[in-house]
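Chain by chain, the residues:
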Amino acid sequence: MQVEERLEKLSVVPQAHPSYYMLHKYWGRKPHNLLDEYIELFTKKGDTVLDPFMGSGGVPIESNKLERKAIGIDLNPMACFITETTLLADIDYDDLRQKFEDIIDSIPEDVIDLTYTTGEDGNDWLIDNAVWEEGKLVRIKYYKDTTRIIKDADEADIARAKLAKEVLKKYEDLGYISYPKDKIMDYVKRSGKEHINELFTERNLLIAAFVITGINKINDKKIRDTLLLVFCSALPNFSSMIPADKKTVNGKSGWQISKFWVPKVHAEKNAINTLRMRLEKIIKGKQDVE
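Not measured: the values here are computed from a predicted model. (Residues numbered from 1 in each chain as written. Predicted model: local features only at pLDDT ≥ 70, side-chain atom pairs only at ≥ 80, totals over all residues. Heavy atoms only, no water.)

Between helix α7 (residues 155-173) and helix α8 (residues 202-216), whose axes approach to 8 Å, the crossing angle comes to 35 degrees. Between α7 and α8 the crossing geometry is left-handed. Across from A161, A164, K165, V167, L168 and Y171 in α7, the residues of α8 making contact are E202, R203, L205, L206 and F210. Of the residues assigned to the contact of α7 with α8, the class counts are eight nonpolar, no polar and three charged. (Axes fitted to C-alpha atoms, helices over the stretch in contact; angles between N-to-C directions. Helix = DSSP H or I, 4+ residues; strand = E, 2+ residues; numbered from the N terminus. Left-handed = near helix turned anticlockwise from the far one by under 90°. Contact = heavy atoms within 4.5 Å. Nonpolar A, V, L, I, M, F, W, Y, C, P; charged D, E, K, R; others polar.)

Take a look at the structure:
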């Protein structure tokens, strides 16, 4: 069939993004099946496909899947990183998981202790989610074995949250960790937050600082870059930018506006749990694109 005839008959219904498009948020992604149709229509196996404005790499990724050679160009280094890391092959996923768990195991005990709450039974349980209102910790949901329990934040919970600020300063002063304190640009600033580190609770900032420090020490570039993708794609999910439901102690849909902001009532998700979930999603996405 001639190209003109195929074009006349071509009617593509956009499909939901596949798992490998969900490795990292990126605005303006085009449906993968639409890209597939155009690549198959205008090229054949072994051809070279050029996308000079590739964004998060839809065209290079789909070209690679369809056995075309792909060249992608973008001014945004994050776009290049997402694309290159999505296409990284021959990764030992068991090693990837182990390296991640090694990093978590290396986090000091006094930092991990901050992620627990004391239940009615007097035992400490891992916090799943918390709600802050007007800068105050008000509600907590925690795991008791396999059961999730909701409670109002008590004095001990509030003290733990305040202690995180002291612990953060201690490890920063010791030189164990560092984290960005860049000023938020005016055109994306909202809600009175002036610096990027203010978009996280001290507790989650601590976890993030130790995790990124551990990732940067990994020698294997493929493992290191994949864990960097896990890390940066998870950041919004355990930031303070997620609106919260006080009743259910759940986070609502985030990124409701294109600003860096902290809602008056916001969620504080468990950073380690969030990172683990992102790790598994990224492994699934990368396996699907191989």
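Having seen it, we continue.
What follows covers α8. The end-to-end C-alpha separation of α8 is 21 Å, in line with the 21 Å expected for 15 residues at 1.5 Å each. Across the 15 residues that make up α8, a large majority, twelve, are buried. Burial in α8 covers these residues: R203, N204, L205, L206, I207, A208, A209, F210, V211, I212, G214 and I215. (Expected span 1.5 Å × (residues − 1). Buried < 20%, exposed > 50% of the residue type's maximum accessible area, 1.4 Å probe, protein only.)

Below, the discussion takes up the pattern of salt bridges. Inspection of the entire model under this criterion finds 22 salt bridges. The partner of R148 in a salt bridge is D128, and the shortest N-O contact between them spans 3.6 Å. With a gap of 20 residues between them, R148 in strand β6 (residues 147-152) and D128 in strand β4 (residues 124-133) connect regions that are remote in the sequence. By relative accessible area, which is 48% here, R148 ends up partly exposed. Among the residues examined, D128 registers a relative accessible area of 13% and is labelled buried. Bridged by salt links that share partners, the residues D94, R97 and E280 form one connected network. (Salt bridge = Lys/Arg side-chain N within 4 Å of Asp/Glu carboxyl O.)

A separate point is the pairing of strand β2 (residues 69-72). Of the pairings in the sheet, the one linking strand β1 (residues 48-51) to β2 comprises four bridges and is parallel in character. By the bridge assignment, L50 is partnered in β2 with I71. Assessed by its sense of winding, the connection that carries the chain from β1 through helix α3 (residues 58-65) to β2 is right-handed. (Pairing = 2+ DSSP bridges. Right-handed = clockwise from strand over helix to strand, strands pointing away.)

Remember, this is a structural readout, not a statement about activity or role.
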